[in-house]
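# Fold and contact review
Single-letter residue listing:
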Amino acid sequence: MRIPRNPVSVSVSVSFCLSFLSPFLSSSPSPSLTFSSQFLSKSALSPGKRKRFHTSGSSQLHASYPMNESRGTVVGDQSSNFLHLGNIDQGQKPCVWSSPEGGRKIEIGKRIFCNRSLNMKSIVAVGFDMDYTLAQYKPETFESLAYEGTIKKLVNDLGYPRELLDWSFDWKYMVRGLVLDKKRGNILKMDRHKYVKVAYHGFKELSKEEKVGTYGNTLIRDSFDEPDYALIDTLFSLAEAYLFAQLVDYRDNNPGKVPAGADYSWMYKDVRAAVDLCHRDGTLKQMVAKDPKRYINEDTAIVPMLKMLRDSGRATFLVTNSLWDYTNIVMNFLCESRTINGSNPINFDWLQYFDVVITGSAKPGFFHEDNRANLFEVEPESGMLVNTDNGSPMAQMGSSSPTLSLKGPNKMCRVFQGGSVGHLHKLLSIGSSSQVLYVGDHIYGDILRSKKVLGWRTMLVVPELEREVELLWELRDTRKQLRLLRNQRDHIEDKIHRLKWSLKFEDVNVDEKKISSELDELESQREQVRLTHQQSQRECHQKFHKVWGQLMKTGYQNSRFAHQVERFACLYSSQVSNLGLCSPDKYYRPSEDFMPHEFDIIPW
Ligand SMILES: Nc1nc2c(ncn2[C@@H]2O[C@H](COP(=O)(O)O)[C@@H](O)[C@H]2O)c(=O)[nH]1
Ligand SMILES: [Mg+2]
């Protein structure tokens, strides 16, 4: 349990009535690989030698906390999770720490939170994942595309009824961190101990008895992992989770209409296969390529952030599972200075912000040092793949020149496909894994293996966090009152136990009638407090999400997702460009750990 190092001062009035009757809810590499030094990146060799730069324009960071003002909360509305426009001020200019206006207090929703100390001075290379890290997709359009494409495949290729084509997608319904029980057709939210706290069968909530009956056996603890369960651990999975729930409902109500023999697991397998194909056959990527603005949030703070990191002497790299043609389109969209009409011909200027780009990386396998995948160099103009000798240029048949001719100002950045982390370390001249910070969005694909297996430092991008911390701020009085109600319940229970004990074991002369009536009164108080607390806690959670509650919590416990974030991400933040709001030499320090016995005696 952690308490923020610099808690935002909470000037909460604690003058509300402690009586439980008072209404309280305010609205409130392979080591054997050899490389020649000609591939060492300039920035890696000479940290700090780049010219200093300042972003033009007046960046305007908020000097005070805007959360002091009350904002209306919309129950279950998560739109602001995704529709951010990056770190831009009201004049639409990107904010970076190195600009003259930089270095001010950062809004709580844009802060970088630290689980494990990280001194940026010891980082020589900062790497980025692309999809859902640099490129934040708009789920209302992008995930809808995945949803519709998947349904078409289910109907046209896998024999599902045509009426599925009329279904619609509620992109706000599913959240990250959920677990699909493929066999039972259930969707679960768990706490950090893997206790199921919220469970739905399709869209029908399981009663407490059903939940405990199915998942409550504490002797046989389920791991809740593949192959019987599927983790919704990336934003790419929201559409398939929703479609799975719809199909579960559909099958329950129309058993004869789904393909013969299709049980819940089977339907999940079909959905998974169809989604997978949408990612591979162009269903999604061709649409994004035609109109990136429709599907990807613009974030004009990304380029200044990359420039600042490079100016500070860090090498920068991109490692994405997307292939070159698509990567080039997305990165053009994110990095281009746009023309008046917003369109620019595709070019390779964005490569100037990176030392190495690796596409088609097949993470998480990429992070295994014994991965011997071939590394091909990509010829940017043609997209042609050229053999390399573990990254070193090779003479191609019919040509006497061993080098790949890169034209223009970007020849410092080389583009590859495949390979493994060993290749990357050699290309960037990385001496130790702990000198690399990698920023990604996928706990398993980007963060877990890179940190656990390799020892890279990691930052997880959690776009949902911005709204979550803003709401936490708004609901701080309510949460405090909830805690007090909980204490009050404990207090009444202690009194009840004491009276019952005295009735049973103590002086025979006690006034039994009086004690019994006191007991009745206390028991009725306890029930009222319990109900008030339960109802208020539910309402509080529903402010975060009408079905699943707070992303990082289940009741008073951290959610399974939060637990993973805490274990595997050194840093986490709502947007990648938040890195640009802090000094590139910043020493990120975690908050102090607190155990339950310390809570009442925390020195503020
Ligand atoms: N074949 C599949 N590809 C998928 C799936 N879900 C996502 N993706 C693709 O992976 C990359 C992610 O890139 P990164 O930058 O985050 O490493 C992107 O191209 C997605 O389209 C899937 O289920 N199947
Ligand atoms: Mg990604």
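It should be noted that the structure appears before, not after, this text.
My aim in this report is to walk through the structure given alongside it, one point at a time. Only a predicted model underlies this, so the values are computations on that prediction, with no experimental measurement involved.

What the 11 strands build is an open sheet, ordered β2-β20-β17-β16-β4-β10-β11-β15-β12-β13-β14; its pairing is mixed. Each having just a single partner strand, β2 (112–114) and β14 (392–393) make up the two edges of the open sheet. Inspection of the sheet shows strand β11 (residues 356–359) paired to strand β15 (residues 414–418) by four bridges, in the parallel sense. In the sheet register, I358 faces β15, and the bridge partner there is F416. Against the sheet, helix α9 (residues 302–311) engages β4 (125–128) and β10 (315–319), with an angle of about 155° to β4.

Below, the discussion takes up helix α12 (residues 443–454). Taking 1.5 Å per residue as the helical rise, α12 with its 12 residues ought to reach 16 Å, whereas the 14 Å between its terminal C-alpha atoms falls clearly short. Every buried residue of α12 is listed here: I443, G445, D446, I447, L448, S450, K451 and L454. Buried residues belonging to α12 abut α11 (421–428), β16 (436–440), β17 (457–461) and α16 (560–568). Directly beyond the C-terminal end of α12, a positive phi value near 90° is found at G455.

Another aspect to go through is the sheet that holds strand β5 (residues 179–181). Strand pairs in the sheet, formed through backbone hydrogen bonds, run parallel or antiparallel to each other. Spatially, five strands are ordered β8-β7-β6-β5-β9 in an open sheet, and the strand pairing comes out antiparallel. Every other strand in the sheet has two partners, leaving β8 (204–205) and β9 (229–231) as the edge strands with one partner each. By the bridge criterion, three bridges tie β5 to β9 in an arrangement that is antiparallel. Each bridged residue has a counterpart across the sheet, and for L180 the counterpart in β9 is A230.

What counts and how
- Per chain, residues are indexed from 1 in the order of the written sequence.
- Going through the entries in the order they are written, you letter the chains from A and number the ligands from 1.
- Side-chain atom pairs in this predicted model are given and counted only at pLDDT of 80 or more, local residue features only at pLDDT of at least 70, and totals for whole chains, interfaces and linings cover all residues.
- No hydrogens and no water enter the side-chain calculation; it runs on all heavy atoms of the structure.
- Pairing between strands is defined by DSSP: at least two bridges between the two strands are required.
- Strands are runs of DSSP state E lasting at least two residues, helices are runs of H or I lasting at least four, and both sets are numbered from the N terminus onward.
- Any pair of residues with heavy atoms lying within 4.5 Å of one another is described as a contacting pair.
- Interaxial angles span 0 to 180 degrees and are taken between N-to-C directions of axes, which are lines fitted to C-alpha atoms, for helices over the stretch in contact.
- A helix is expected to span 1.5 Å for every residue after the first.
- Relative accessibility decides the category of a residue: with a 1.4 Å probe and only protein chains considered, values under 20% of the type maximum give buried, values over 50% give exposed, and everything between is partly exposed.

Limitation: the analysis is restricted to geometry and does not speak to function.
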